[in-house]
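# Per-entry structural report
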Amino acid sequence: MRKRDEQTKGGRQRRVFTPIRVTQGIFAVLFAAMIVYLCLYAYNNRQTMMSNSYNSRQKILLEQNARGSIFARDGEVLAETVTDENGQETRNYPYANTFAHVVGYASKGKSGIEAQENYWLIRSDIALSEKARLADAGAKKNPGNSVTTTLCVPLQEVACKALAAYRGAIIVTDVKTGEILAMVSKPDYDPNEIDRIWDSLLNSSKEDARLLNRVSQGLYPPGSTFKIVTALEYIRENPTDFRNYHFNCSGSYRRGEEVIHCFHGESHGSLDFYKAFQKSCNSAFADIGMTLDRERFAATLKELGLGKEVPVDFVCNASRSDITASSPDDAVMQTAIGQGATAVTPLELNMITQAVANGGVMLTPYLIKSVDSADGKNLYKEAPAKEIARVMSEDEAAILTEMMTLVVNGGTAKRLQEAGYQAAGKTGSAEYDSQQKTESHAWFTGFAPAEDPQIAVTVIVEQAGGGGEYAVPMAKRIFDAWLDGGVPGS
Ligand SMILES: [Zn+2]
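Residues numbered from 1 in each chain as written. Predicted model: local features only at pLDDT ≥ 70, side-chain atom pairs only at ≥ 80, totals over all residues.

## Re the overall build of the protein
Using the following cut-off: A run of DSSP states H or I qualifies as a helix once it reaches four residues; a run of E qualifies as a strand once it reaches two. Both are numbered from the N-terminal end. Any residue surrounded by 20 or more other C-beta atoms within 10 Å of its C-beta is treated as buried, while 12 or fewer makes it exposed and the intermediate range makes it partly exposed; C-beta atoms here are placed from the backbone.
A tally of regular secondary structure across the protein gives 18 helices and 19 strands. Considered along the principal axes of its C-alpha atoms, the protein spans approximately 105 × 80 × 45 Å. Across the 490 residues of the protein, 46% fall into the buried class.

This is the structure we're talking about:
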C-alpha cells in the first residue's frame, strides 16, 4: 500500500510536474522566438525606427552629431548644416527652390531625401580616433554622414527653368542605370524658409498643393502618351499582322452610346498602324482597343506596373487602371487612349519609356549613389542598375522606338525634329474636368538618341493644352542640355 501510495504520489507528482515543465518549455521557446523576432524586426526596420519622431535615440544622436550633407552627383552641396559661433545650427539649401521636393526639408517633419536618408544623416561613422581629435580641438559635435545623390545640378536647373511658372512635373532618368538625374515639381517653395512659410504651404489650394512631389505622387490621366502601351499590346497580340492595320478617320469613333473624338476634332483620313500612332489618332486607337483581348491587356498593364507598388525608397503613389477580363467596351476604348479610370504618375510613365529605350528591361529608379562618413569611409553603395523585370521583348521595344521616332519626324512632336540628335517620344493632351469645363494637361515622354538611348525625359504641364506645343519644347531644352550643351557627366 505504501509503495502504491508512493507510486500514486509519484505518479501524481509526475502528472503535476510534467505539464509545468512543458508549459515552462513552451514559454521559454515563445519568449526566445519573440526576442529573435523583435531583434530581426528592429534590424530590418532600423531606418524607419530611427527616423520615427517618437524615437528618443534620434534626439540623442542629434545632440552628438551635426546632420550630414546631401550632395549632387558631382559633389555640389544640395543641403548642409551650418553652425554659427553660438553653436546655433541652420540647415542651408544653396539652390533654394530648385531641389525643393526631391531634397526636401528637415524641420517641421521631414520630406524628400532628408526623410529617406535620415537614418544615415544623423549618425556619424567617423573613426573613434577622429572623434577624439575633434573633441580635443574643441568641437562640440561630430560631423554626420553624407549622402551623394544621382542628381545633376545643370540638368535640374534647366528643367526647373523650362517648367517656369507652370504647375507640373519633369523627371529625367539615365536609361541604362535607372539613376534619376532631375526631378522637378511645381509650384515649389524655398526649403530655407520652411519654418516661416509652413502655414501658407499647408493652406495652399488643392490645385497648388505645393508640398506634393508631383513626379511620384501626382496621379494624372496619361492621355495619348498611353498609346505606347496600347500599341505594345496590339503588337503583342498581332505580331505579324499589326503592319496590315488600316483605319479611315473621320474625326470620331462611335460604339453604342460611346463616342471618342480626335484632338481638336481633326480628321486624320486613311491611316496604317504607324501613321495612327504618329498623328495620335484617338479614333484609330479606340478601334484598336476594341480588338484587344481584355484579359491579356489587363495582364500587360499589370506587368508594366499599373496597380502595383513602385519599388523605390521615396514616397510614391501606385498608378492604376480599371481594365479586367470583363471590362465594358467604353472602359476599354477610354483606356486605349489614356483616359477613363487610367491614372499614372510621371515617374511610372518615365519607367515605361525607360524600358522601351533600354530594349525592354525596366530598371528601378533611384536617387542615392552612396553614403560616406565625413572621414571618407564608404558606408553604402547603390548597385549601378537594378532590374525590375523584362516588360517587353527586344523586338517589341525596337518597334515602339521606330514608332516613337516617327512621332518626332513629322508627327505631333515635330518641334524636336530640328535637333542635333534623333529623339523618340510620344505627346499627350490629357483631358480632365475642371469646374464644369474640360481642360487638358500637356504631356511628353521620350528618350534620345533613338539609336543609342542615354536619357528618358517625361514632362507634364498642368492645364496647358496640347503636348506638342507646351511639353515638347521643354523636353527639347533638357535633351539639348544633355546631348549638345556639354552638361558635365553627360
Ligand atoms: Zn483621327
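## Considering helix H7 (residues 128-136)
Turn by turn, an α-helix covers 3.6 residues, leaving residues three or four places apart pointing in a common direction. Counting buried positions along H7 gives zero out of nine residues, so the element sits mostly on the surface. Looking one or two residues past H7, Gly 138 carries a phi angle of roughly 95 degrees, positive in sign.

## Observations concerning the sheet that holds strand E15 (residues 378-381)
As a reminder of what qualifies: Paired strands, as defined in this entry, are two strands with at least two bridges between them according to DSSP.
Reading across from one edge, E4-E3-E2-E6-E14-E15 is the order of the six strands in this open sheet, with mixed pairing throughout. Since the sheet does not close on itself, it has two edges, and those belong to strand E4 (89-92) and E15, each with one partner. Note that strand E6 (residues 146-149) and strand E14 (residues 368-372) share four bridges and pair antiparallel. Of the residues in E14, the one forming a bridge with Thr 149 is Ile 368.

## Observations concerning the packing of helix H13 (residues 282-291) against helix H15 (residues 329-336)
The condition that has to hold: Whenever a helix is involved, its axis is fitted only over the stretch in contact; in every case the axis is a line through C-alpha atoms, and angles between N-to-C directions fall within 0 to 180 degrees. By definition in this entry, angles of less than 35 degrees are roughly parallel, angles greater than 145 are roughly antiparallel, angles of 65 to 115 are roughly perpendicular, and the rest are oblique. Crossing handedness: left-handed means the near helix sits turned counterclockwise from the far one by under a right angle, and right-handed means the same turn made clockwise. Residues are defined as contacting one another if the C-beta atoms placed from their backbone atoms lie within 7 Å.
Direction vectors running N to C along H13 and H15 enclose 130 degrees, while the axes themselves pass 8 Å from each other. As the angle between them shows, H13 and H15 are arranged oblique. Helix-helix and strand crossings are classified by hand; for H13 and H15 the assignment is right-handed. On H15, the residues touching Phe 285, Ala 286, Ile 288, Gly 289 and Met 290 of H13 are Asp 329, Val 332, Met 333, Thr 335 and Ala 336.

## Brief notes about the sheet that holds strand E8 (residues 180-186)
What the five strands build is an open sheet, ordered E8-E7-E19-E18-E17; its pairing is antiparallel. Edge positions in the sheet fall to E8 and strand E17 (424-434), since each of these pairs with one other strand and no more. The sheet shows a mean angle of 10 degrees between the axes of neighbouring strands, direction not considered. Across seven bridges, strand E18 (residues 437-448) lies against strand E19 (residues 455-461) in antiparallel orientation.

## With respect to the pairing of strand E7 (residues 168-174)
Most of E7 is tucked away, with seven of its seven residues classed as buried. The alternating pattern of E7 places Gly 168, Ile 170, Val 172 and Asp 174 and Ala 169, Ile 171 and Thr 173 on opposite faces, both of which are buried. Sheet topology places E7 next to E19; seven bridges connect them, and they run antiparallel. When the sheet's bridge partners are listed, Ala 169 is paired in E19 with Ile 460.

## Some words on the nonpolar core
Rules: Under the definition applied here, buried Ala, Val, Leu, Ile, Met, Phe, Trp, Tyr and Cys residues are grouped into a nonpolar core through C-beta atoms within 7 Å.
Among the nonpolar cores identified, the biggest contains 125 residues, and Leu 155, Ala 159, Ile 170, Ala 182, Ala 471 and Ile 478 are the most heavily contacted of them. Of the residues forming this core, the biggest block, nine residues, is contributed by helix H18 (residues 467-484). Excluding residues that lie within four positions of it along the chain, Leu 155 makes contacts with Val 172, Leu 181, Ala 182, Ile 478, Ala 481, Trp 482 and Val 487.

## What to know about the packing of helix H11 (residues 227-237) against H13
How we decide: Classes in brief: Ala, Val, Leu, Ile, Met, Phe, Trp, Tyr, Cys and Pro nonpolar; Asp, Glu, Lys and Arg charged; the others, Gly included, polar.
Close contact between H11 and H13 brings their axes to 10 Å; oriented N to C, the two are set at 45 degrees. Viewed along their axes, H11 and H13 adopt a mutual orientation that is oblique. In this structure, H11 meets H13 at a crossing whose hand is left-handed. Taking contact as the criterion, the partners of Lys 227, Thr 230 and Tyr 234 in H11 are, on H13, Phe 285, Ile 288 and Gly 289. Among the residues making up the contact of H11 with H13, the classes are represented as three nonpolar, two polar and one charged.

## Focus on the confidence of the model for the protein
Threshold: Confidence scores labelled pLDDT are given residue by residue by the predictor and lie between 0 and 100.
For the protein, mean pLDDT is 91; residues scoring 70 or higher make up 93% of the total. In the predicted structure, residues 1-13 sits below a pLDDT of 50 and forms zero contacts with residues beyond four places in sequence or in another chain.

## Quick word on the environment of Thr 300
Along the chain, the position of Thr 300 falls in helix H14 (residues 294-303). With 49 residues separating them in the primary sequence, Thr 300 and Leu 349 have C-alpha atoms 14 Å apart. Beyond its immediate sequence surroundings of up to four residues, Thr 300 is in contact with Leu 232, Glu 233 and Arg 236.

## What about unusual backbone geometry?
The omega torsion of the bond from Lys 186 to Pro 187 falls at 0 degrees, within 30 degrees of zero and hence cis. Locating Pro 187 in the fold gives a position in the loop between E8 and helix H9 (194-202). Residue Pro 449 is bonded to the preceding Ala 448 through a cis peptide linkage, with omega at -15 degrees. A positive phi angle, near 55 degrees, is found at Ser 280, a position not held by glycine. Examined against the element boundaries, Ser 280 turns out to sit in the loop between helix H12 (273-278) and H13. On the basis of neighbour counts, which here come to 27 C-beta atoms within 10 Å, the residue Ser 280 falls in the buried class. Phi is positive for Gln 463, which is not a glycine, with a value near 60 degrees. Within the element layout of this structure, Gln 463 appears in the loop between E19 and H18. Residue class for Gln 463 comes out partly exposed when judged on the 15 C-beta atoms lying within 10 Å of it.

## A short note on the environment of Cys 316
Its place among the elements puts Cys 316 in the loop between H14 and H15. By the C-beta count within 10 Å, which is 18 here, Cys 316 ends up partly exposed. A C-alpha to C-alpha distance of 8.7 Å links Cys 316 and Gly 218, two positions 98 residues apart in sequence. Dropping the residues within four chain positions of it, Cys 316 is found in contact with Ser 216, Gln 217, Val 310, Thr 345 and Leu 347.

## Some words on the environment of Lys 414
As for its placement among the helices and strands, Lys 414 is situated in the loop between helix H17 (394-408) and E17. In this structure, the C-alpha to C-alpha distance between Lys 414 and Gly 338, residues 76 residues apart in sequence, is 21 Å.

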